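# Structure at a glance
Next come the chains, spelled out residue by residue.
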Amino acid sequence: MTDADVVIVGAGPAGLMLAAELRLAGVRPLVLERQPHRRDTPKAGGLGGQILELLRYRGLLERFEAACTGPVPAPRFPFGGVHLDFTRLADPPLHALPLPQQPLERLLEERAGEVGVDLRRGHEVTGVSQDDAAVTVDVRGPEGPYQVIARYLVGCDGARSRVRDRAGIGFPGTTYPEVNRLAQVTLPDAVTVLGDGGLDVPGFGTIRPGFTRTDHGLFGIGASPGSQAVSLYTVEDESAEYDDDTPMTVSELQDSIRRVLGVRLPVGEALRLSRFTFKARQADRYRHGRILLAGDAAHLFPATGVALNAGMLDAVNLAWKLAADLYGWAPAGLLDTYHGERHLAGARTMLHTRAQVALRRGHDAAAEALREVFQELLADEQPLRRMGALVAGSDIRYPMPGAGHHPLAGTFAPDLTLHTDQGITGVAELMHPARPILLVLADRPDLCRAAEAWRHRVGIHTAKTDQRPADALLIRPDAHIAWAATVDEPADTAAPALREALTGWFGTP
C-alpha cells in the first residue's frame with residue numbers, strides 16, 4: 001500500500017513543473033518542501049530558452065507573460081563576456097521573459113494547486129530507503145516525524161541535494177573561484193546616468209557603459225537615460241564560501257564595487273540583490289533504482305540564464321515516462337531513456353557554459369583577442385542562429401532506437417498550422433493535455449489503421465498543413481517527435497514502422 005505514486009522532494013521550479021505534469025497524466029504526486037514559505041532570496045531573474053515553447057504547448061505562456069515584471073527586453077544576451085545579439089533577426093532563436101524566480105514559483109505553485117497537487121511546506125526529508133517495489137521516505141513535519149511510501153522518489157532539492165547524497169549518486173565537476181553579484185538599484189541625484197548608459201560618479205568621473213575589466217575583476221552597468229533603476233554587476237575571484245540562503249546586502253555590493261573599480265559608488269534603494277557562484281557539475285546518473293534526480297540536483301552550470309530552462313525540461317521529459325511505468329504500459333527501458341536523453345541535454349548545456357568560462361575569465365591581451373574574434377563570427381547569421389539554438393536547448397535531437405530515422409525524429413515538434421474538419425488549429429494546441437498524438441498530414445488511411453489499436457493511449461488526428469514536412473508525425477507528451485513517415489513513404493514500410501514506434505514508446509495496445 002503506497003501513500004503516493006511519486007514523492008517529489010523540493011518545491012522549486014523543477015519540482016513544481018514535474019508535479020503538475022504528473023497530475024496531467026493522472027498520477028498522484030506528493031511534494032515535500034523543507035522551507036515553510038517560498039524563499040524571498042532573489043535567484044534567477046528571468047526565464048528563457050526552449051521551456052517557453054513548451055509552456056506555450058501547454059497553453060500557459062500567456063499567463064507567464066502577464067506576470068512579467070517589466071517589458072520583454074530586446075533579444076540580446078550575454079555570452080562569456082561577449083553578446084549574442086539577435087535584434088537584427090525577425091525570428092530570433094532565443095527568447096527570454098523578465099520573470100524572476102519568486103513570481104515564477106508562485107505561478108507554478110498556483111498551477112500545481114489547480115490540477116490537484118498535494119504540496120506540504122515545512123516538511124523535511126530525513127531519510128530515504130528503497131527496495132524493488134517502493135521507496136520509504138522519513139519526514140519531519142510541523143506535527144512530528146512520519147513516513148511516506150511511494151513507488152518513486154524524485155530529488156528536485158537543489159545543488160546540495162540530500163536525495164542525491166542518500167542515493168549514492170556522484171556529482172563530479174569543478175567549482176570556479178568566481179563570486180558574482182547582481183543588483184538592480186536606484187541611484188541618488190549625485191550620480192548621473194549619461195546618454196550612452198554610462199555613469200558620472202562624483203569624485204571619480206565617468207564609468208563607461210557595459211563591462212569594465214580591471215586587475216581585480218569585472219564591473220558591469222545596464223542603464224538607460226531617464227530610468228529609475230540601473231543594473232550593476234561585479235565578478236571577483238574569491239575563496240570564500242557563501243550560503244545561498246544568506247541574502248546579499250547593499251554594503252556587500254558596494255564593497256565589491258570598491259574592490260573592483262576602486263570607488264565607493266553611492267546607491268539608493270535596492271530593488272534586487274543576488275549573489276551566485278559558478279560550478280560545473282553533472283550527476284553521473286539521473287536514476288538509481290526508484291530514485292531519480294531533476295533540476296539543480298542533477299546539474300549545475302557555470303553561466304547564468306540556463307538552469308531553469310534545463311531543470312523544467314527535465315521535469316517534462318520525466319513525467320510522462322513515470323506515468324507510463326506507474327500505469328503498467330511502459331515498454332522495457334522507457335524510464336531509463338530519461339537519463340539517456342536529459343543527461344545528453346545537460347552535457348550540451350555544460351559544453352557551452354564551460355566555453356563561456358573560457359571566454360570570460362581571461363584578462364590578458366590574448367583573451368581580449370579571443371573575445372573579439374568570437375564576436376566577429378557572431379556577425380554572420382548562421383553561426384549566430386546556431387549559438388542561439390545551443391543556448392536555448394532547441395538544438396537537441398534525442399537519440400532514437402534503431403536506424404534510418406526521419407531527420408525530424410528526436411526533435412521538438414514544430415508548431416504547424418493545421419487545417420482540420422473542425423477548423424484551424426496547431427500542434428501547440430493539440431499538446432495542451434500532455435497526451436501523445438499521431439498527426440497524419442496526408443491521405444494515409446493505412447497509417448490511421450495501423451495506429452487504431454493505440455487510440456485509447458494516443459490521440460489520432462488527421463489534418464492538412466501548408467508545408468508538409470512528413471506524411472505523419474508521432475509526437476510524445478514532451479512534444480518531441482518519436483517517429484515520422486517520409487513524404488509518400490510506401491505503406492508496406494510506413495505502417496510496420498509506425499506500429500514498431502508505437503510499441504517501442506507507448507507499449508503494447
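Our subject is the structure that appears above.
Residues numbered from 1 in each chain as written. Predicted model: local features only at pLDDT ≥ 70, side-chain atom pairs only at ≥ 80, totals over all residues. Heavy atoms only, no water.

For the rest of this paragraph, the subject is the sheet that holds strand E16 (residues 217-222). Here six strands make up an open sheet; going across it, the order is E15-E16-E17-E11-E18-E21 and the pairing antiparallel. Here the strands that pair on one side only, and so sit at the sheet edges, are strand E15 (210-214) and strand E21 (299-300). Here strand E18 (residues 270-282) runs beside E21; their pairing, made up of two bridges, is antiparallel. Across the sheet, residue Gln282 finds its bridge partner in E21, namely His299. Sheet strands touched by helix H6 (residues 250-261): strand E11 (173-185), E15, E16, strand E17 (230-237) and E18. Its angle to E17, the strand with the most contacts, is close to 65 degrees. (Pairing = 2+ DSSP bridges. Helix = DSSP H or I, 4+ residues; strand = E, 2+ residues; numbered from the N terminus. Contact = heavy atoms within 4.5 Å. Axes fitted to C-alpha atoms, helices over the stretch in contact; angles between N-to-C directions.)

Looking now at the sheet that holds strand E13 (residues 199-201). Taking strand neighbours across the sheet as the criterion, the three strands line up as E12-E13-E14 in an open arrangement whose pairing is antiparallel. For this open sheet the edge positions go to strand E12 (192-193) and strand E14 (205-207), each flanked by a neighbour on one side alone. Here E13 runs beside E14; their pairing, made up of three bridges, is antiparallel. What sits directly across from Val201, in E14, is Gly205.

Turning next to the side chain of Asn317. Within the secondary structure, Asn317 sits in helix H7 (residues 307-327). Looking at Asn317, the relative accessible area reads 1%, which means it is buried. Leaving out residues up to four positions away in the same chain, Asn317 has contacts with Tyr338, Glu341, Arg342, Tyr398, Arg476 and Asp478. (Buried < 20%, exposed > 50% of the residue type's maximum accessible area, 1.4 Å probe, protein only.)

With that settled, the discussion passes to the packing of aromatic side chains. For the coordinates displayed, the defined rule picks out eight aromatic pairs. Taken together, a centroid distance of 5.9 Å and an interplanar angle of 50 degrees make the contact between Tyr286 and Tyr338 tilted. Note that Tyr286 is positioned in the loop between E18 and strand E19 (287-288) and Tyr338 in helix H8 (residues 336-361), a separation of 52 residues in sequence. Pair check on accessibility: Tyr286 and Tyr338 agree, each one buried. An aromatic cluster of at least three residues, connected via ring pairs, comprises Trp320, Trp329, Trp505 and Phe506. Taking NZ or CZ as reference, Arg164 lies 3.7 Å from the ring centre of Phe171, over its face. (Phe/Tyr/Trp six-rings, centres within 6.5 Å; stacked < 30°, edge-to-face > 60°. Lys NZ or Arg CZ within 6 Å of the ring centre and 35° of its normal.)

Turning our attention to the packing of helix H1 (residues 13-24) against H7. Between H1 and H7, the least distance of the axes is 8 Å, while the angle of their chain directions is 30 degrees. Judged by the inter-axis angle, H1 sits roughly parallel to H7. The two elements H1 and H7 cross, and the hand of that crossing is right-handed. For the pair H1 and H7, contact is made by Pro13, Ala14, Met17, Leu18, Glu21 and Leu22 and by Leu308, Gly311, Met312, Ala315, Val316, Leu318, Ala319 and Leu322, respectively. (Parallel < 35°, antiparallel > 145°, perpendicular 65-115°, else oblique. Left-handed = near helix turned anticlockwise from the far one by under 90°.)

So, about the pattern of salt bridges. Close approach of charged atoms allows side chains of opposite charge to pair. Evaluated as defined, the whole model comprises 38 salt bridges. A salt bridge links Arg476 to Glu341; its shortest N-O distance comes to 2.9 Å. Placement of Arg476 in the loop between strand E26 (472-475) and strand E27 (481-485) and of Glu341 in helix H8 is noted, with a sequence separation of 135 residues between them. One exposure class covers both Arg476 and Glu341, and it is buried. Among the charged side chains, a network of salt bridges with common partners joins Arg181, Glu236, Glu238, Glu252, Arg259 and Arg275. (Salt bridge = Lys/Arg side-chain N within 4 Å of Asp/Glu carboxyl O.)

Our focus in this paragraph is unusual backbone geometry. In most cases, non-glycine residues show a negative phi, while peptide bonds are predominantly trans. Located in the positive-phi region is Ala434, a residue other than glycine, with phi close to 60 degrees. Along the polypeptide, Ala434 turns up in the loop between helix H11 (427-430) and strand E24 (437-440). Of the residues examined, Ala434 reaches a relative accessible area of 14% and is grouped as buried. A positive phi angle is found at Ala479, which is not glycine, with a value near 70 degrees. With respect to the secondary-structure elements, Ala479 resides in the loop between E26 and E27. Using a relative accessible area of 0% as the deciding quantity, one classes Ala479 as buried.

What follows deals with helix H13 (residues 491-506). When the terminal C-alpha atoms of H13 are compared, their 21 Å separation across 16 residues agrees well with the 22 Å that a helix rising 1.5 Å per residue should span. At the exit of H13 stands Gly507, carrying a positive phi of roughly 80 degrees. (Expected span 1.5 Å × (residues − 1).)

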